[in-house]
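Here is what each chain is made of, one letter per residue.
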Amino acid sequence: MNHSPFRVFIILFVAIAGILMAAPNFLPKNVQDALPDWLPKPGLVLGLDLQGGSHLLLEVDRKGIVDQRLSDVRRDARNVLANQNGIGNLITTDADRNAIFIELTDPTQKAQAETAIRGLQNTLSNALIGGVGVDEMAFGETPDGRLSITLTPDGITQRMSSLVAQSMEVIRSRIDEIGTTEPTIQRQGDTRVMVQVPGFGDSTRLKNLISQTARLTFHMVYPGLSADQAEVQGLPAGTMILPSQDGGRELLYEDVALGGESLVDAQPSYDQQRGIPVVSFKFDTRGAISFGEITSKAVGQRFAIVLDNQVITAPVIQQPITGGQGQISGTFTTATANDLAVLLRAGALPASLNVIEERTVDASLGADSIQAGFTAGVVAAVLVLAFMVIAYGIWGVFANVSLILNIILIFAALSTLGATLTLPGIAGIVLTIGMAVDANVLIYERMREEQRAGKTPIQAINAGFSRAWGTIIDSHLTQLVAAVVLYFMGSGPIQGFAVTLGLGIITSLFTSYTVTSYQVGLWFKLRRPKTLKIQHFRFIPDGTTIPFMKISKYVIACSIIMTGVSIGSAVFKGFNLGIDFVGGTAIEIQHVGGPADVGRVRELTSDLGLGEIQVQGFGTPQDVLVRVQAQEGGQSADQIAVAKVTEVLAAENYEVRRTEAVSGTVSGELAWTGTIAVIIALACILIYIWFRFEWQFAMAAVTTTSHDLIMTIGLFSLTGLEFNLSSIAAVLTLVGLSLNETVVVSDRIRENLTKYRKMPLPELIDLSINQTIVRTSLTQFTLLLALIPLVLFGGESLRSFVIAMTFGSIVGMYSSVIVNGPILINFGLKQKTDEQLAAEDAEKKRNADGAAV
């Protein structure tokens, strides 16, 4: 309880710095602008669901795709005829007819040429016509004897569809490269992509980052002939003229010597000799070998680096470059070099995208839902703080001070990082708050136990902090392991959840232990109490002897049945997937005669029985964007849904401006990487608990967490609750809550295994659960106090999220208290014999003696 001046300085420094870093987020914009430059500005960025942002509608350039594909087919045809079969040819392109025509220098080779070019055929799977294979090309012959290759309409449609899907993933990667912004990216119609990015101030930079193709290629420069001379004399076969960045033109070979797909890294840097910004790049192994071979054969020749059909630079190869590394120099600034590096790392867009619409949008949750959520959050915070004071008196005040400082430090860290806060991020903060409260309850309950065991107040306080520390570390580090894995393996909302959870765990360890102990130390020096009156209120009396293990076989049987029902429902009934997963229809409406009322639109459409409906302010105050989830029954059912929405809104003077089909915002890749991230996180937690405890504890923790996960997912399936992005946040929070509960109980079982060596294992587990059940009930009630106001007042947009959180927290308590113990026994947990314990004690003594020496 003696705090050194240095420790006091650290506490005060961190607290003051946190307040200063978090404060700008709560100040008006004009006040923020006047703040010193070292404070984070704009600080914390709110996500699309909380504040809205920039909206871009992009359209794939159909003509550009067809022209590029014709160019590729022309090059492939020339290669297969001349280079592989020795057939002389002259190829012309007819862009209007989407075809190329081949004139043979020796007509007697026509049959051989036909066979060769038919090998270029691509069979594409077209989901639009039931997944049937579609031939991309049609082969024929003109009346004058030329061979023709024509791109088929179905082939073009399928290629467009595929390129739109690929473009969405590239855009997501690019936006992720510039920060955790959690964009909304949806296919709209057949050829359009809708992108919404929260709080991005520089719209021009955003458009360039998203719509620039960034196709990097390397070409040899045609020797001995300039672009101007080639235009006069005629282009040599297999060459092309491209503009250069310095305003000139270059004559290049059409064949791509090396493509940007071989890049594995690109970073902005400086050319030390010339002192200018450049972009350094690195090839993969195959690209490095090719780069080395090309530069070895072409020493003394010019080698052009081309970005989006513009020559950036065309230096002379002075010597072979075998290291697989190089740099791109040009008229770059530091900012443009950084942006180009971002584009190259994220990969090239497979097609050109044109910006056809640009506007701002309101929060996707809606101002009414956010206001309702804010009100519910304030009520929840007041209830939690008040309950801690009612339950623990002055000790509750200490815990509340630590909790408030914890939240401030989380906001300070998020502001410093410039992170984006969305609903999943708020879920991470809720989980952190629960763990911070739990840490203080653990400390206080341990103090009460030590005092009942006969220790003096100062001894009880010291023992309470020191003995609870191991449990707090274990529960927090398991969460931190999960957060780190989810951040590096997940993306989008999963990454946002991981950021707030990881930061919250670190701040919680500091506030719940260091800050609380400092407050308790100051109070003890002032009061010097003879006894510690820590708890004023509890749900369960001390010294309970509830025989949990006697009912364990019934509990396990019940859990097995419920788990089976949940899995069966998920497999056979499925889920009511929201727009985020299945897409649906976007309806743009405009209110005639004044500003639109987003809350009223949500109220009118939510009673139509059409599933999830998202309502969002869109551009002008009169415009609203309504998204209706895809209906069972296909396109005809979607049209009926649109008609219902149109009819109910027409009565309120809303006119429909446009309707289009939209895809889900959760791509298959994002969903798959998120699932893999959760599985790997559980595996890492298993390893950590195995290392800290024993393998039986690790297996029991993963089993109970998986049990809770299945039960909560089963809730969505059985009840038909909409499963959307907020549901992912709820499920991830549940994993954290379940692990925390299980680790606390397991830690007490481990401690009692060494304390009560002769006690039968079922009795020992019963004792451990009864010793921690007061803490479990208080923590659980505190969490419910935070969640129930959100259920009652949080609005329709938050309801499924909060219901799942509430259900999951109750199931997590149930499994950690009643299911965990029997699983430990079934996995073969046994008390160690006297010989084993003696051997361990001797080993510890030898290690201690060795350390002393």
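Owing to the predicted nature of the structure, the values given are computational and were not obtained by experimental measurement.

S.K.: In this structure, what is going on with the overall build of the protein chain? I would like to understand it.
M.R.: Looking only at helices and strands, one finds 25 helices and 27 strands in the protein chain. Taken over 853 residues, the protein chain has a buried fraction of 52%. For the protein chain, long-range pairs separated by at least 24 residues make up 75% of all intrachain contacts whose partners lie at least 6 apart in sequence. Carbon together with sulfur atoms contributes 59% to the accessible area of the protein chain, which is approximately 37,700 Å² in total.

S.K.: Is there a simple way to think about the sheet that holds strand 15 (residues 263-271) in this case?
M.R.: Paired through their backbone hydrogen bonds, the strands of a sheet run either parallel or antiparallel. Taken in spatial order, the 3 strands of this open sheet run 15-16-19, and their pairing is antiparallel. Of all the strands in the sheet, the pair left with one neighbour each is strand 15 and strand 19 (325-329). Mean inter-strand twist for the sheet, computed between neighbouring axes without regard to direction, equals 30 degrees. Pairing between strand 15 and strand 16 (residues 276-283): 8 bridges, direction antiparallel. Bridge assignment links Ala266 to a residue of strand 16, and that residue is Phe281. Each of strand 15, strand 16 and strand 19 is contacted by helix 10 (residues 334-346), which is oriented at about 170 degrees to strand 15, the strand it contacts most.

S.K.: Whenever I open this one, unusual backbone geometry confuses me. Can you help?
M.R.: When glycine is set aside, most residues are seen to have a negative phi, and most peptide bonds are trans. In this structure, Arg528 takes a positive phi of about 45 degrees despite not being glycine. Counting through the fold element by element, Arg528 comes out in the loop between helix 15 (493-527) and helix 16 (552-573). The phi dihedral of Asn653 falls on the positive side, at around 70 degrees, and the residue is not glycine. Mapped onto the secondary structure, Asn653 falls in the loop between helix 19 (635-650) and strand 26 (654-662).

S.K.: What should I look at first to understand a nonpolar patch on the surface in this one?
M.R.: Nonpolar side chains collect at one region of the surface, where Val379, Leu383, Ile788, Leu792 and Phe793 lie side by side and expose about 420 Å² of accessible area between them. Elements with a contribution of two residues or more to the nonpolar patch: helix 11 (367-392) and helix 23 (761-793). In terms of residue count, the dominant contributor to the nonpolar patch is helix 23 (3 residues). The residue Leu383 is located in helix 11 in this model.

S.K.: Where do I start with the packing of helix 4 (residues 62-85) against helix 5 (residues 110-118) in this structure?
M.R.: Across the interface, helix 4 lies against helix 5 with an axial gap of 9 Å and an inter-helix angle of 120 degrees. The angle between helix 4 and helix 5 places the two elements in the oblique class. Both helix 4 and helix 5 take part in a crossing whose hand is right-handed. Note on element contacts: helix 5 touches helix 4 through Gln112, Ala113, Ala116 and Ile117, opposite Val80, Leu81 and Asn85.

S.K.: Sorry if this is basic, but what is going on with the packing of helix 6 (residues 153-177) against helix 10 here?
M.R.: The packing of two helices is summarised by the inter-axis angle and the distance between the axes. Their axes nearest at 9 Å, the elements helix 6 and helix 10 cross at an angle of 135 degrees. Considered as vectors, helix 6 and helix 10 are oriented oblique to each other. Of the two elements, helix 6 crosses helix 10, and the hand of that crossing is right-handed. Contacts between helix 6 and helix 10 involve Val170, Ser173, Arg174 and Glu177 from the first element and Val342, Leu343, Arg345 and Ala346 from the second.

S.K.: Just checking my understanding: could you explain the packing of aromatic side chains for this structure?
M.R.: Any pair of aromatic rings gets described here by the distance separating the centres and the angle formed by the planes. All told, the structure shown has 18 aromatic pairs when counted by the stated rule. Taken together, Phe218, Phe281, Phe283, Phe291 and Phe303 form an aromatic cluster joined through their ring pairs.

S.K.: Would you mind going over helix 13 (residues 423-452) with me for this structure?
M.R.: Working note: α-helix, 3.6 residues per turn, so residues spaced by three or four point in the same direction. With 30 residues, helix 13 extends 43 Å between its outermost C-alpha atoms, agreeing within 8% with the 44 Å of an ideal straight helix rising 1.5 Å per residue. Most of helix 13 is tucked away, with 26 of its 30 residues classed as buried.

S.K.: Looking at this model, I keep getting lost on the sheet that holds strand 3 (residues 89-94). Mind explaining?
M.R.: With respect to topology, 4 strands assemble into an open sheet ordered 3-4-8-7, the strand pairing being antiparallel. Whereas interior strands pair on both sides, the edge strands pair on one side only; in this sheet they are strand 3 and strand 7 (137-141). Put simply, the sheet's adjacent strands are angled 20 degrees from each other on average, direction ignored. In the sheet, strand 4 (residues 99-104) pairs with strand 8 (residues 147-151) via 4 bridges, with the strands oriented antiparallel. Note on strand 8: the bridge partner recorded for Ile100 is Ile149. Sheet strands in contact with helix 4 are strand 3, strand 4, strand 7 and strand 8, and its direction is about 170 degrees off that of strand 3. Each of strand 4, strand 7 and strand 8 is contacted by helix 5, which is oriented at about 20 degrees to strand 8, the strand it contacts most.

S.K.: Before we go on, may I ask you to explain the confidence of the model for the protein chain in this structure?
M.R.: In low-pLDDT segments, the atomic positions of the prediction should not be examined closely. Counting all residues, the mean pLDDT for the protein chain is 80, and 89% of those residues have values of 70 or more. The spread of mean pLDDT over the elements of the protein chain runs between helix 25 (residues 834-852), the lowest at 60, and strand 8, the highest at 90.

S.K.: Just to check I follow, could you spell out the nonpolar core for this structure?
M.R.: Soluble globular proteins tend to bury their nonpolar side chains together. Counting residues in hydrophobic clusters, the biggest one holds 106 residues, and the most contacted among them are Tyr392, Trp395, Tyr444, Ile689 and Ile749. Ranked by size, the runner-up nonpolar core spans 41 residues in total, among them Ile156, Met168, Val170 and Ala351.

S.K.: Teacher, can you tell me more about the pattern of salt bridges here?
M.R.: If the charged atoms of two oppositely charged side chains come close together, the side chains can form a pair. Considering all chains together, one arrives at 26 salt bridges under this definition. As a salt-bridge pair, Glu141 and Lys110 come within 2.7 Å of each other at their nearest N and O atoms. Of this pair, Glu141 sits in strand 7 while Lys110 is found in helix 5, placing the two residues 31 residues apart along the sequence. Within the structure, one salt-bridge network assembled from shared partners comprises Arg446, Glu449, Glu450, Lys455, Arg467, Arg748, Glu751 and Lys755.

S.K.: Whenever I open this one, the environment of Gly248 confuses me. Can you help?
M.R.: Relative to the helices and strands, Gly248 resides in the loop between strand 12 (239-243) and strand 13 (249-253). Judged by its relative accessible area of 27%, Gly248 is partly exposed. Linking Gly248 and Ala227, residues 21 residues apart in sequence, is a C-alpha distance of 9.0 Å.

S.K.: Looking at this structure, how should I read the pairing of strand 25 (residues 623-629)?
M.R.: Sheet faces and side chains relate simply in a regular strand, where the side chains alternate between the two faces. Counting buried residues in strand 25 gives 7 out of 7 residues, a clear majority hidden from the surface. Here strand 25 shows a buried face lined by Asp623, Leu625, Arg627 and Gln629 and a second buried face lined by Val624, Val626 and Val628. Where strand 23 (residues 584-591) meets strand 25, 7 bridges bridge the pair, whose relative direction is antiparallel. Paired with Glu588 across the strands is Leu625, a residue of strand 25.

S.K.: How should I be thinking about the side chain of Asp438 in this particular structure?
M.R.: Of note, Asp438 is situated in helix 13. When sequence neighbours within four positions are dropped, the list of residues in contact with Asp438 reads Asn740, Val744, Arg775 and Thr779.

S.K.: Would you explain the environment of Gln327 in this entry?
M.R.: Mapped onto the elements, Gln327 comes out in strand 19. Judged by relative accessible area, which is 34%, Gln327 ranks as partly exposed. Sequence-wise, Gln327 and Ile305 are 22 residues apart; in three dimensions their C-alpha atoms are separated by 9.8 Å.

S.K.: How should helix 9 (residues 285-297) be read in this particular structure?
M.R.: Compared with the 18 Å implied by 1.5 Å per residue over 13 residues, the 19 Å span of helix 9 between its first and last C-alpha is a close match. Within helix 9, the full set of buried residues consists of Gly287, Ala288, Phe291, Gly292, Ile294 and Thr295. Down the axis, helix 9 shows its buried residues gathered within 165 degrees of arc, on one side only. Exposed and oriented more than 90 degrees from the buried face of helix 9 are Thr285, Arg286 and Lys297.

S.K.: Got a minute to help me understand the side chain of Arg448 in this structure?
M.R.: Tracing the backbone shows Arg448 in helix 13. Among the residues examined, Arg448 registers a relative accessible area of 9% and is labelled buried. The contacts of Arg448, once residues within four sequence positions are left out, are Ile534, Gln535, Arg538 and Asp542.

So, how was this worked out
Residues numbered from 1 in each chain as written. Predicted model: local features only at pLDDT ≥ 70, side-chain atom pairs only at ≥ 80, totals over all residues. Heavy atoms only, no water. Helix = DSSP H or I, 4+ residues; strand = E, 2+ residues; numbered from the N terminus. Buried < 20%, exposed > 50% of the residue type's maximum accessible area, 1.4 Å probe, protein only. Contact = heavy atoms within 4.5 Å. Areas by Shrake-Rupley, 256 points an atom, 1.4 Å probe, with all protein chains shown as cover. Pairing = 2+ DSSP bridges. Axes fitted to C-alpha atoms, helices over the stretch in contact; angles between N-to-C directions. Patch = residues over 30% accessible without salt bridge, like charges linked within 9 Å, V, L, I, M, F, W, Y side chains within 5 Å. Salt bridge = Lys/Arg side-chain N within 4 Å of Asp/Glu carboxyl O. Parallel < 35°, antiparallel > 145°, perpendicular 65-115°, else oblique. Left-handed = near helix turned anticlockwise from the far one by under 90°. Phe/Tyr/Trp six-rings, centres within 6.5 Å; stacked < 30°, edge-to-face > 60°. Expected span 1.5 Å × (residues − 1). pLDDT = per-residue confidence, 0-100. Core = buried A, V, L, I, M, F, W, Y, C linked by side-chain atoms within 4.5 Å. Arc of directions from axis to C-beta.

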